[in-house]
Every structure is written in C-alpha cells, then in structure tokens.
Amino acid sequence: MTKQTGRANLNRTLLASALLAALNHAGAQEAAGGQQARPSDEGTPSVVVLGSRSSAKTALDTAVPVGLISAKDMQNAGPLELGKLLQTLDPSFNFTSTFISDGTDIIRPATLRGLGPDQLLVLVNGKRRHQQALVNVQQTIGRGSAGTDINAIPLSAIHHIEVLRDGAAAQYGSDAIAGVINIVLKSQVGETQLSGTVGTTSKGDGDLVSGSANTGLALGSDGGYLNLSVEGRHRGETNRAGLDTLRVNPPRVTQRIGDSLAKDAYLWWNAALPLGKDSEFYAFGGVSKRTGDSAGFFRSAGDGRTVPKVYPNGYLPNIMTTVKDASLAVGYKRDLAGDWKFDVSVNHGRSELGFHERNSINVSYWYEPKPGGGIYAESPLEADTGRLKFNQTTFNADLRGPVDIGGAKLLVAGGFEYRRDNYAIEAGDPVSYQYGRTNNPAIKIFDQTGGIAASGAQGFPGYTPGTAVDAGRHNVAAYLDAEHNLTPQLLVAGAIRFEKYSDFGNTTTGKLSMRYDPSRTIGMRGSVSTGFRAPGVQQKFYSSVSTNLNTAGVLTETLTAREGSAVTRAFGISPLKQETSQSGSIGMILRPVTGFSVTADLYRTNIDDRIVFSSNIAPESGACLTAAACPIKAILDPLKVGQAQFFTNAIDTTTDGFDLVADHTTKLSNATLVLSGQLGFNRTKVKNRHSQSPVLSGAQLFDDSQVTLIERGQPRQHHVVGADYTAGAWNVNARANYYGEVQGQGFTAPFIQTWEAKWLVDLTMRYSFTKRFSLSAGMNNVFDTYPTEWDKTKAAPFPQLGFTHCWETCPIGINGRSGYLRADYAF
C-alpha cells in the first residue's frame, strides 16, 4: 500500500468519525436507566457492574471506559462464534484467524488492546473464567500464551457483554493487565427462543448449519429462574491454497489453508433460587464439545518423511482435535443490615484438548532393521498423539456496603479469594513419538533418501512419557475497594490487592481512579494503576520434544524445555516470575443533547518482565575449535538436544492507545436510525530485550522476527462504523470494520511481509412477521475483500508452496464473502 493510499484511508476514517460525532448517540439514552439486581431481558441493559465492586453504573457514568454489547448488537452481527463477533463489534478486541497451527486452529487467540491473550481476564456473571489447556507455541499471535477459550461460550446463552478497557489487576487479580470482559448470561423466564442459521461462502465452501434453543423456567414463586441454552453448529472447511509449483508435477493444490472443519455442541445454564426475602442461591455454567479437522504441511513423494509404497504421491497429515470444556459456579448471596451485601461462591472449570493424527506415518517404524535383515513393512497411519488438561477452582467471599466516616459516606467492598490451578500433559500412543519400535538410539534407521529417519507421527508428533506432567499451584488474595463522592460532581475510587502464590511469592497492586462531572453534558475520567500477571501453570509445566538422529548417528532432540529442566538450568534461565505493569488513562465524555454521546480515552500500559516463548536456540554452525567458541553447542550437545525453546521473562513493552466512541439516535415519525462510530488506535513497542543467560543475549533469546510479531502482528488501527435503521417490521444494519496493516517475518526473515490495511463491510436485513417470528438475510465481507498477497519473490518459497495471502497474522481471515439466512422464533 502506498503512503498516499494509507493517508486516503485514514482521511476517510477520520471523516466518517467526524460525521458520526456530529450526529451521534445509541448508548446514552439506554444508559440513563436505573440500577437493577440482574439484567432485564427486555431491550438493552442499562447498567454495568464491571469496573467497580461498589455500585452499578450506567456505561457513560463509569470512572474508566466500559463498553456494552447488547443482545440486539449480537443478533445484527453475522458471526456465530463469540470471538469473531467481539472482533466485529469492539475495535479494542482482536481474534486473528489461524491455520496450519496445530491446536491453535480450533482455539484461536483472543486479545484486548494489542496485548497478549493471557493479559485479558474473562468473567462470567462477574466470576473468573478458567483458561484454556492449549499453549500457543506456533508462530501466531499470542505465541507462548494460554489465554481463555472464548468460543467455549455459546451466543444463545448470553444476555449482554461488558468490556472494561483499563488495567484492573488490583480489582480482579492476575490476567487483567489489558482489561476485563464480563459475559452476563440470560435469566428470562416464561419464553422459549429458537434460532436457526444456514450459510456458505461465495466460493461454495465453508457451509454453515447452526441451531440453538433457549428457554426460561420459573423456580418457586419469588422470582427464581432456570435458564437453559442448547446450541449446535457444523462449519465446513474452507481452502484458499494456490497451486504447489515446487513439490508436485504437474502443479496442484497440496495444502489446506483456511478454516478447519469444525463441529460444536453446547449446553449452558443460569439459575437462581431465593431463600427467603433477603438471600439467594445461584448456579451457572456449561459444558461444550468441539471437534476440529485441520492439516499440517504436505509431505511430497520424494521427501524422507514419507514412504512411497504407502503414499506414492505424497500426503497431507491430518490433525484431529477435540476440545472439551466444562464449568460450574455455585454461590449464596444475602442482604445484611445497613445496606450491606454478602456473596460467597465456588467456581470450578476444566479445559481439555486431545490430539489425534490421521493420514500419517512413523517412518522410523517402517524402515527399522530386523534382527535377521530386511525392514518392517508396516506402520499405523493414525494414532492418538496426547492430551492437554487444565483445571481451576476458585473460592470467593465478598462483602460490600456503605461506611460513614465523619459524616462522609464511603462505598466499600472487600473480600478473600483462594484459587487452585492444575496442568497435565498425557503422552500419546507409542507410535506417535517413538524412534523405531524399540525406541533405541543405538540403532541407525534410514529413510528412503538415505538420511536418518524421522521419529514419531508426521504432522503433530506425540507427547512423550518424558514430557508428561501433572502439577499445580495455589494462591490466596485479599482485596479492598472504596468509592467516595467528595462533591456531587467529583468521584474518587481506590483499590488495593495482595496476592501470595505457592510457587513464586507475593505481590501487591493498587489502583486510583477519578470521575469529574462539572455538568450533565461533560465529564472527565482518569485512572492510574499497577498490575501483575502470574506465570500460567501452562507456561511453567508445558514441554514437548521431537527426537531424531543427526547425520553422525547421535540421538538429538528439539525440545520445548519447561522451567527448571536441565536445558534451562544449563543456559542459566531463571524460574518464571510475575509480569508487572503500570497503566494510566485519561478520558472525556460529552453528552451535549439528549440522544448524543462521545467518549475519548488516551491510555498507556508499561509491562516489565513480560513472559514470552523464546526463539529457536540452535547450535552455532561451522567449525568450533574450542567450547568457548561455540557456547550454545557446548551446552546442547552433551544434553543431546538439537535445538531448544523455553518460556522466560525476556522483554519489556510499552503500549499506547486512543479510543474514540460516538453514538447518535434519530427518532423519526415511524422509524429509528442509530449511527455509531468507534475508532481504536494502538501501538506496542518492545523497549528492552534482556537475558538472564550468560550465553545468550537478549536479541538471541527473542529475535527480530518475534519482536515484529509483538509490535506489528496486530492492527495498530481498528475502527468500526455502523448504521442501524428500524422502520415498522423492517430492520437494516450496515457495519464497516477497518483493520490497519500488519506485518510478519517469522517465516521470511530478514524480509518483513506487509499485509495492507483493509475495510470489511457487513450487511444484515431482518423482517419481523410478528413480534415472535423474524427472518434475516446477511452478507459478511460484502465486497469480497482479501488480505494482501504474499510477495512472490522476497517471501519465497511460501507463495510457490500454495500460500496466497497470510499466515502468522491474519486479522480479517481469508474466506472472502459469505452469506447466511437466519430464522428466529419465540413462544
């Protein structure tokens, strides 16, 4: 993209924002309502609870920026998976598309404000949501992290979503450096809602069939409820691979590059039962099972990783994944004397990811010499390759209410939390990881090219007994929040939190925020805070290994080494410690007339000792006259490791950003027009690379390609402008998303591939035959926009292998235009 084109795109964006700012509203009118104990299921919720433990507020009256996504917003957006829907509606949220990335193809990374997936805390009904079992170890956004599997929550169960765009670790604990997303479940009774969707892409693939049912039952006669949601979805694969001109003759498509085949099933519930006038028992949670069918890299017929007798034309390994997720929260809350409230709860969640390899082979099984000569003539062509498990149990006790100090009324909230995290890796079938049937390094096994045969299953090698683990940790926390109106116009709030972990010690964080409203039409807000993120147990205990013999006949390993292993000790890599952060924001709210609102917020987040996944650490090439001349080789060779990777606190980063939100509602005689605009600007810089190792420099530990992924892998600009028009039974919704350019060099270093900025336009039209029955037709990516193509010269050989558009970072996906039909019925 030329500089002139970039400036033109930016000018169009700013012009659209200015027009909206001259008109807007859409949240102010709805945000003027009063507080409520639980979300109303009529229309858009009016208050949010996120950002303050002391009291609920309208979204425009909070001391920190909080976005609100309503049921209508979700209905009018095309995506049916929560991650893509949030990316479509909230410019601070990113949910990049991934492919040929093992488990990351089915559990894609979700981020906020350009930071990492594990720096975003997700709550459900205000309670901490557990993280995923998968560690993203491929060259994708969120490399080295284990965030929250946001797609494990079905849209049919959600009433509304609150997005806190501010550092909140002092209020909610670890992972809230970037902000917090609170997903509020439905609680209506006396109605059943049915929905069905069918869709496809303009290429005729990616066929989608989805159905859901939500119903609410009354429990008792005092307002109790049981809300149930069932949802199922089948999404066909998409493939945008080009011709492979290098590995096959005549050229043909050999890769699967696009969305994997996926099947999803969900059952979720939300319930409350009053136990008298002032108390209530509640429970919520859900189970889900999702399966994915994706692919690895094509193995050509002459490649040493195949067997011509089995695969004469080469083969594409098939990676099957199964994600199981379950959660249950139960609690009791009670109103006490003097407007005090008490809430105690236990929340347990589990995430499990199983791998199964098909259309594969263990070459070392096939070619292993027999005692009497000859070769084995068989190898299983599929196998289980292992399983990852994560579970978390959290106990909370909270107390909040007013306190009078010298005639001044403070709203105070405090509490205690205990949390237990556990992580497990289960080994795969022996054929998935062994070097030959005996797994004996003394036996030389050769492939069809005469080289040393590869061990384990091709595509995704199995986890070995040596990498299996079952370990955990616990922590305790105490926290205190307070709010006070110094004057009717000036609100000040503070929070402090102390946490102690069983594995690395304790930390204390704090936050101060302010809201000043000199008049109803203008308000100012700001906050400063310190934060932290504890290293995930996934990062502490994850390891994997692929074993092979080098040309000298020495058994070598490519190892992802866990904390405290022989490799990390040899390199002098210290045990992981917490990330620490300092955040600040300042903002303004304008409401000059009824039906019009504009908010603008500037922010900065500094993170020190950020936990990352290192670059590949490989031995020095060439002759080594002395051990001192090749220190990496001197460490790896005695440990029989070919190359190594590990988690380490290696970088410090600074993230600066600006968010502008404008909304306007125009009431016509028989119609309503809602215009909205959200501009998001964001930039992350790696300000320091450091190493604890006496052997590795910071630049070796975290090389330039990884810096590019952190700094430029996510769009520095993401804007959303939309119009929603309702007239009688008709509703038309148009939305445009602008994604700034992204860059990567993970596969092309030193060349940096740039994928240019793009606009994506979505359109939905709905007709309500009655108040209970409606039909919708929608089109996503109306203009069939694709990412920039790979540079065919500088990015070689990837374009020649069939890669057409993007890979390590792909915010807009590569599916092109898609359309859908949807029916909604309530009774």
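Residues numbered from 1 in each chain as written. Predicted model: local features only at pLDDT ≥ 70, side-chain atom pairs only at ≥ 80, totals over all residues. Heavy atoms only, no water.

## Details of the confidence of the model for the chain
Quick note on the threshold: Residue-level confidence of the predictor, termed pLDDT, takes values from 0 up to 100. Contacts are assigned to residue pairs with any non-hydrogen atoms lying within 4.5 Å of each other.
Looking at the chain as a whole, its pLDDT mean stands at 90, while 92% of the residues score no less than 70. Low pLDDT, under 50, characterises residues 1-43; the stretch is placed with 91 contacts to residues that sit more than four places away or in other chains. A low-confidence stretch, residues 549-555 stays under pLDDT 50, and its non-local contacts, those more than four residues away or across chains, total 18 contacts.

## Digging into the packing of aromatic side chains
Note the cut-off: Stacked, tilted and edge-to-face pairs are distinguished by plane angle, under 30 degrees for stacked and over 60 for edge-to-face with tilted covering the rest, among Phe, Tyr and Trp rings (Trp via its six-membered ring) whose centres lie within 6.5 Å. Working definition: helices are DSSP H or I runs of at least four residues, strands are E runs of at least two. Numbering for both runs from the N terminus. Per-residue accessibility, obtained with a 1.4 Å probe over protein chains only, is compared with the maximum for each type, and a residue is labelled buried under 20%, exposed over 50%, and partly exposed between these values. Comment: the charge-over-ring label is applied if NZ (Lys) or CZ (Arg) is within 6 Å of the ring centre and within 35 degrees of the ring normal.
Following the criterion strictly, the structure yields 27 aromatic pairs and no others. Where F297 meets F803, the ring centres are 5.8 Å apart and the plane angle is 40 degrees; that geometry is what we call tilted. Here F297 is found in the loop between β14 (279-295) and β15 (318-335), whereas its partner F803 is found in the loop between β34 (773-780) and β35 (818-826), with 506 residues between them in sequence. A relative accessible area of 2% means that F803 is categorised as buried. An aromatic cluster of at least three residues, connected via ring pairs, comprises F297, F747, W755, W790, F798, F803 and W807. The residue whose ring lies beneath R113 is Y603, and the NZ or CZ to ring-centre distance is 3.5 Å.

## Focus: empty space enclosed by the protein
Defined as follows: Detection works on a 1 Å grid of protein atoms alone, calling trapped sets that fit a 1.4 Å probe cavities and calling open sets with protein on both sides within 12 Å along at least five of seven lines pockets, with lining residues defined by an atom within 4 Å of a point. Grid points are joined across faces, edges and corners, and a volume is the space filled by probe spheres set on the points.
A complete count under the given rule lists 13 cavities of 30 Å³ or more for this structure. For the largest cavity, the calculated volume is near 910 Å³. Contributing to the lining of the largest cavity are 45 residues, with P79, E81, K84, D259 and N815 lying nearest its centre. Of all the elements in the fold, those that place two or more residues in the lining of the largest cavity are α3 (82-89), β10 (192-201), β12 (224-235), β13 (261-274), β30 (730-739), β33 (758-768) and β35.

## Considerations on helix α10 (residues 704-712)
Within α10, 8 of the 9 residues are buried, which leaves the element mostly enclosed by the surrounding structure. The complete set of buried residues in α10 reads S705, Q706, V707, T708, L709, I710, E711 and R712. As for α10, its buried residues are in contact with β26 (596-613), β28 (671-689) and β31 (742-744).

## Regarding a nonpolar patch on the surface
To keep things clear, this is the line we draw: Residues enter patches when their relative accessible area tops 30% and they take part in no salt bridge; the joining distance is 9 Å for like charges and 5 Å for the nonpolar side chains Val, Leu, Ile, Met, Phe, Trp and Tyr. Accessible surface is estimated by sampling points in the Shrake-Rupley manner with a 1.4 Å probe; for residues, cover comes only from the protein chains shown. By definition, a salt bridge exists where a carboxyl oxygen of Asp or Glu is found within 4 Å of a side-chain nitrogen of Lys or Arg.
A surface patch of nonpolar side chains, amounting to about 440 Å² of accessible area, comprises L273, L275, F281, L328, V330 and V346. Residue position: V330 is located in strand β15. Judged by its relative accessible area of 31%, V330 falls in the partly exposed class.

## Quick look at the nonpolar core
To keep it simple, the criterion reads: What we call a nonpolar core is a set of buried Ala, Val, Leu, Ile, Met, Phe, Trp, Tyr and Cys residues that are connected through their side-chain atoms within 4.5 Å.
Judged by nonpolar contacts, the single largest core of 35 residues is most densely connected at L82, L86, F93, I158, I161, I181 and I183. The element contributing the most residues to this core is α3, with 4 residues. Those residues in contact with L86 that lie beyond four places of it in its chain are I69, F93, I150, I161 and I181. Counting 25 residues, the second-largest nonpolar core is a separate cluster that includes A133, A146, I319 and F541.

## A word on the pairing of strand β18 (residues 408-426)
Put simply, the rule reads: Any two strands are treated as partners once DSSP identifies two or more bridges connecting them.
Sheet topology note: the strand β17 (residues 383-405)/β18 ladder contains 19 bridges and is antiparallel. Of the residues in β18, the one forming a bridge with Q392 is D421. Between the end of β17 and the start of β18, which pair antiparallel, lie 2 residues, with G406 showing a positive phi angle near 60 degrees. Looking at chain direction, β18 and strand β19 (residues 469-487) are connected through 15 bridges and run antiparallel. Across the sheet, residue N422 finds its bridge partner in β19, namely G472.

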